[in-house]
Every structure is written in C-alpha cells, then in structure tokens.
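# An overview of the molecular structure
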Amino acid sequence: KCTLEGIKLSICDGKNKITYCNDGKVSAEKNIRFKYFSILPDIENLYGVTISGAKYPLDNAAVDRDLPVSVSNEITGDKCDIEVERGSFFFILSSD
C-alpha cells in the first residue's frame, strides 16, 4: 500500500512501481513484494528531503540530480515516510 499526494503518473510491472511526484509527502508500507525504494530527482535537485523508517534516513537534506544519495534504500519499520519540500521526483518501489 502506498499513499501519495501530488501524483501525476504511476507505472508498475512485476518487480517495480515507479511514481512521479511533485514536492510533498510519500509513505510506503513494507511488504513482501516491494522491500526497497529510491527517490530520484527529475530535472532539478530536491530540497528539504526527509526520510524516516529506512535503513538510510535523511533529515532536511538536498539530493543532487547528478549524485543522488537516495537510491537503493530499504524500509526497516512497518512503513517509511518521505517528505520533499521542493522538487519533483520519481519514487521507485522495487523487489530487487
């Protein structure tokens, strides 16, 4: 289950779910199908990125489009919460 604000587009196959989001909040519950997640900036850097409930948390960080530090993360609790104050991004849930 994934709750999103500001969805524009979502694509899903057997191993991945990719959602395009505007700045805002994303929450994803840990499940058997999707254990990992990444957030990737689309055109510009992301600002005010906070990730909690994950193996690699962030607190009010900037995520550079050319050096993303928000890939291949893992949901460690029952769910993870992501907040982006400014920027559009791809939120990717992955099974591998």
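Residues numbered from 1 in each chain as written. Predicted model: local features only at pLDDT ≥ 70, side-chain atom pairs only at ≥ 80, totals over all residues. Heavy atoms only, no water.

## Considering the packing of aromatic side chains
Spelled out, the test is: To pair, rings of Phe, Tyr and Trp, with the six-membered ring standing in for Trp, must have centres within 6.5 Å; the planes then decide the type, stacked if under 30 degrees apart, edge-to-face if over 60, and tilted in the middle. Secondary structure elements are defined from DSSP: runs of H or I of at least 4 residues count as helices, runs of E of at least 2 residues count as strands, and each element is numbered from the N terminus. Partly exposed describes any residue whose relative accessible area lies between the buried limit of under 20% and the exposed limit of over 50%, with all areas from a 1.4 Å probe on protein chains only and scaled to the type maximum.
Tallied over the full model, the rule gives two aromatic pairs. Ring centres 6.1 Å apart and planes at 45° place the aromatic pair Phe37 and Phe91 in the tilted group. Of the two residues, Phe37 sits in strand E5 (residues 36-41) while Phe91 sits in strand E10 (residues 89-94), which places them 54 residues apart along the sequence. On the basis of relative accessible area, Phe91 is assigned to the buried category, the value being 1%.

## Some thoughts on a nonpolar patch on the surface
Note the following rule: Only residues whose relative accessible area exceeds 30% and that form no salt bridge are eligible for patches; like-charged ones are grouped when within 9 Å, while nonpolar side chains (Val, Leu, Ile, Met, Phe, Trp, Tyr) are grouped when within 5 Å. Only the protein chains shown count as covering a residue, and every accessible area follows the Shrake-Rupley method with a 1.4 Å probe. We define a salt bridge as a side-chain nitrogen of Lys or Arg found within 4 Å of a carboxyl oxygen belonging to Asp or Glu.
Where nonpolar side chains cluster on the molecular surface, the patch consists of Leu9, Ile11, Ile18 and Phe90 and spans about 330 Å² of accessible area. What makes Ile18 partly exposed here is its relative accessible area of 32%.

## Considerations on the environment of Gly77
Condition: Two residues qualify as a contact provided that any one of their heavy atoms is within 4.5 Å of a heavy atom in the partner residue.
Within the element layout of this structure, Gly77 appears in the loop between strand E8 (73-74) and strand E9 (79-86). The class of Gly77 is partly exposed, set by a relative accessible area of 28%. Put simply, Gly77 and Lys55 are 22 residues apart on the chain and 9.0 Å apart in space, counted from C-alpha to C-alpha. Excluding its chain neighbours within four sequence positions, the residues that come into contact with Gly77 are Lys30 and Gly53.

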